[in-house]
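Structural description and commentary
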Amino acid sequence: MTNIGRRAFVASALATSVATFALRRTAKAADSRIEIVLDEPIGSISPHIYSHFVEHLGGVVYDGIWVGEKSKIPNYNGVRKALVDSLKALKPGVIRYPGGCFADQYDWRDGVGPRDRRPTRVNFWADTRYKTTKAYEDLQDGPQKYESNHFGTDEFVAFCKMVGAEPYLAANVRSRDVRVFLEWLEYCNAPANLTTLSTERVKNGFRDPHKVSFWGVGNESWGCGGDFTPEEYATEFRKFTAWLPTYGLPLKLIGSGPNGGDLAWTRRFFQGLAEKGQRQIAKLYGWGLHYYCGSTGQQIANDFTPNEWYDLLERSNRMESLIEDHWRVMGEFDRERRVKLVVDEWGAWHKQDPDVPPGYLYAYAGTLRDALISAMNLDTFQRHADKVAMANPAQLVNTIHSLFHTYEDKFILTPNYHVFEMYMAHAGATALRTEFIAPKVSFTRLDAQRKEITAGLWGLNGSASLKDKQLVLTVVNPHHKEVRETEIAIRGATIKAGESRTLTANDLHARNSFANPHALEPQNAPVNASGSSMLYQFAPASVTRLTFTLG
Ligand code: AHR
């Protein structure tokens, strides 16, 4: 929320004449207010905010995406058909690949050429310190443990084309040198038959260059990507990005940014780049930011109390301050604000569902709580449309904050999918300053000493955008049982027609499963709206999209 005088705002809200409202339901007094300020644009909402992430981890690639050309599961050239059809409908911006931590132990050459000749390797995730869960100890031999490399660069780029997304590849900084990165770039982007590697690509069935413009320089270089100090990583970044061939395609280079709130990583990296002059900073398109809420291996996704519901929502809400804080530090070095934030890993991370096979590391279908977390994050990115160029939840399918859950021929959409479907209406629109006033939610949580303390979260929040005459407002009501009776005021226009789409359930733990795939889905309803303000009841524990046609 911006810093306008809150008292003055509330007073003006209450002074507004009730006679101007078009009431949706009963004429109960509003306890909350939303004001959309049409003449205060924030920036254009990048369609890349609705991007995704695919890593060779658990059941993400093998089974989730790649079922193989000879599979009985319907597929397009080996890629699961149901996934392609559903993902395409979301108009995904960019897909990041092949990791994650996997990327810094990967050699792209293993994943090209005839499939039966590709080498088999131990997957990064099968033998790391992350091997902490019982499920993973039980991991059986298979593609999740022994990487067959049947899905590599060409299959990934073909998958991106099928769904209409741009590819984003992460280069290996920890265990391969600059030359391997240059060769991958050449294989992907050099014109057909002009170099040995582009000739190899043509032989592999891809005459046209893959046109990969997004390249990550390592992943989590502060951790699994090399355990570098920020100064060391700045040196690696400069080395990996010095005098790169472009093959006529401007490259968009993304630096391996901080772990959550580590501002020192951001400051010291930018300082390290700046030592060689401002030109080094200008090489960066984006600065990666990773933030997960939830705690690895602690609790399964659908086991929580109302206090734990709020606890996780509140921790997810930290995304707002992370964006603001890192943006401020970046501005100390990048005065022209050329570098944007790329939140290329975000989401809620729970324990693996005990019902899924051991190899499907961190897989679960997610609940209504995860849907609210998706909505809160997307609203945050939209509110910061001037700062966030791309965002990718971790990960697309079968792990962590996924949009899809699969097992062999079974396939479902998770609640996160439905939120993406609802929110894509904002893509390419102009984000507008929007004020939310609502009673704060209070709850209890345990502090570091395991002492019970009281904590709080806002009572309503969201974002609004305008494209042509269409105004879209998305709102989260986190209260687990209270309706928020809200006056919505649109400053500077009148409403002609409206429609709502809401995702909610009576049970906070609601989710979709293979047995009940449609248990949690959004519902549409007409909104009887006219004039420049109206009353609306936001259901408890809900994500709502209101779409208005302006006069
Ligand atoms: O998304 C799972 C893992 O989380 C990624 O591989 C890594 O980058 C992060 O720590």
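Described in the following lines is the structure provided in the data block. It should be emphasised that the depicted structure is a prediction, and the values quoted were computed from it without experimental measurement. (Residues numbered from 1 in each chain as written. Predicted model: local features only at pLDDT ≥ 70, side-chain atom pairs only at ≥ 80, totals over all residues. Heavy atoms only, no water.)

Looking at the overall build of the protein
A tally of helices and strands in the protein yields 13 helices and 25 strands. The C-alpha radius of gyration of the protein comes to 24 Å, within 12% of the 24 Å expected for a compact globule of 551 residues. Taken over the C-alpha atoms alone, the protein extends approximately 75 × 55 × 50 Å along its principal axes. Looking at the 551 residues of the protein, the share that counts as buried comes to 58%. Taking as baseline every contact in the protein between residues at least 6 positions apart, the subset at least 24 positions apart corresponds to 78%. Surface summary for the protein: the accessible area is close to 21,800 Å², and the carbon and sulfur share equals 50%. With 64 positive and 62 negative side-chain charges, the protein shows a separation of 3 Å between the mean positions of the two kinds. (Helix = DSSP H or I, 4+ residues; strand = E, 2+ residues; numbered from the N terminus. Rg over C-alpha atoms; globule rule 2.2 N^0.38 Å. Buried < 20%, exposed > 50% of the residue type's maximum accessible area, 1.4 Å probe, protein only. Contact = heavy atoms within 4.5 Å. Areas by Shrake-Rupley, 256 points an atom, 1.4 Å probe, with all protein chains shown as cover. Lys, Arg positive; Asp, Glu negative; His and termini not counted. Charge placed at Lys NZ, Arg CZ, Asp CG, Glu CD.)

So, the site of the ligand
Around the ligand, the structure places 14 residues, and the nearest of them are Glu55, Cys101, Glu220, Tyr292 and Glu345. Between the ligand and Cys101, the relevant distance is 2.9 Å, taken from an oxygen atom to a main-chain nitrogen or oxygen of the residue. Taking Gln395, its side chain carries an N or O atom lying 3.0 Å from an oxygen atom of the ligand. Burial of the ligand by the surrounding chains reaches 96%, relative to a free accessible area of 280 Å². Tallied by class, residues from the shell around the ligand come to eight nonpolar, three polar and three charged. (Near = heavy atom within 4 Å. Polar contact = N/O pair within 3.5 Å; in protein donor to acceptor, adjacent residues only side chain to side chain. Nonpolar A, V, L, I, M, F, W, Y, C, P; charged D, E, K, R; others polar.)

Quick notes on empty space enclosed by the protein
Scanning the model with the defined rule gives five cavities of 30 Å³ or more in all. A volume near 80 Å³ is recorded for the largest cavity. Residue lining of the largest cavity: 18 residues in total, with Arg96, Gly255, Ser256, His290 and Asp344 positioned closest to the centre. Those elements giving two or more residues to the lining of the largest cavity turn out to be strand E8 (166–171), strand E9 (214–217), strand E10 (252–255) and strand E11 (284–293). Residue contributions to the lining of the largest cavity peak at three residues, all from E11. Grouping the constituent residues of the lining of the largest cavity by class yields seven nonpolar, eight polar and three charged. Considered as a void within the structure, the second largest cavity measures approximately 60 Å³ in volume. Every residue along the wall of the second largest cavity is listed here: Ala103, Tyr106, Asp107, Trp108, Ala170, Ala171, Asn172, Arg176, Asp177, Val180, Phe181 and Trp184. Mapped onto the lining of the second largest cavity, the elements with two or more residues apiece are E8 and helix H5 (178–189). (1 Å grid on protein atoms, 1.4 Å probe; cavity = no way out; pocket = protein on both sides within 12 Å on 5 of 7 lines; lining within 4 Å. Points joined across faces, edges and corners; volume = space filled by probe spheres on them.)

Some words on the layout of surface pockets
Rolled over the atoms, a probe as big as a water molecule pinpoints where empty space is left. In this structure, the largest pocket occupies an estimated 490 Å³ of space. Gln299, Glu308, Asp311, Arg315 and Leu446 are, among the 17 residues lining the largest pocket, the residues nearest its centre. For the lining of the largest pocket, the secondary structure elements donating two or more residues are helix H10 (306–316) and strand E17 (441–446). When residues in the lining of the largest pocket are grouped by element, the largest group, five residues, is from H10. In terms of residue class, the lining of the largest pocket is built from three nonpolar, seven polar and seven charged.

Things to note about the sheet that holds strand E25 (residues 542–550)
Within a sheet, neighbouring strands are paired by backbone hydrogen bonds and run either parallel or antiparallel to one another. The nine strands are arranged E23-E22-E25-E20-E19-E16-E1-E21-E24 in an open sheet whose pairing can be described as mixed. The open sheet terminates on both sides in strands that have one partner only, identified here as strand E23 (523–527) and strand E24 (533–538). Strand-to-strand twist across the sheet, computed as the mean angle between neighbouring axes with direction ignored, equals 25 degrees. The pairing of strand E19 (residues 461–467) with strand E20 (residues 470–477) spans seven bridges and is antiparallel. Within the sheet, the bridge partner assigned to Ala464 lies in E20 and is Leu473. (Pairing = 2+ DSSP bridges. Axes fitted to C-alpha atoms, helices over the stretch in contact; angles between N-to-C directions.)

Overview of the sheet that holds E9
Across the sheet, eight strands lie side by side as E2-E5-E8-E9-E10-E11-E12-E13; this open sheet has parallel pairing. In this open sheet, the two strands that pair with only one neighbour each are strand E2 (52–53) and strand E13 (388–393). As paired elements, E9 and E10 share four bridges and run parallel to each other. Among the inter-strand pairings, Val217 is bridged to a residue of E10, identified as Gly255.

Structural notes on the state of the cysteines
When the sulfur atoms of two cysteines share a covalent bond, that bond is a disulfide. Scanning all chains against the criterion turns up one disulfide. At a sulfur-sulfur separation of 2.2 Å, the disulfide partner of Cys101 is Cys224. On the sign convention where negative is left-handed, the bridge of Cys101 and Cys224, at about -85 degrees about the S-S bond, is left-handed. Of the two residues, Cys101 sits in the loop between strand E5 (94–97) and strand E6 (121–122) while Cys224 sits in the loop between E9 and helix H7 (230–240), which places them 123 residues apart along the sequence. Comparing Cys101 with Cys224 shows no difference in burial state: the two are buried. Distance from the sulfur of Cys160, which forms no disulfide, to the nearest cysteine sulfur (Cys188) is 11 Å. (Disulfide = S-S within 2.5 Å.)

Some words on the pattern of salt bridges
Counting across every chain of the model gives 30 salt bridges. Linked by salt bridges that have partners in common, Arg33, Glu35, Glu487 and Arg491 make up one network. (Salt bridge = Lys/Arg side-chain N within 4 Å of Asp/Glu carboxyl O.)

Quick notes on the nonpolar core
Judged by nonpolar contacts, the single largest core of 125 residues is most densely connected at Phe159, Trp215 and Phe381. Among the elements that line this core, the one with the most residues is helix H12 (residues 368–383), at eight residues. In contact with Phe159, not counting residues within four places along its chain, are Ile65, Val79, Leu83, Val84, Leu87, Ile95, Phe151 and Leu396. Counting residues in each nonpolar core, the second largest holds 22 residues, with Leu38, Leu460, Ile490 and Ala493 among its members. (Core = buried A, V, L, I, M, F, W, Y, C linked by side-chain atoms within 4.5 Å.)

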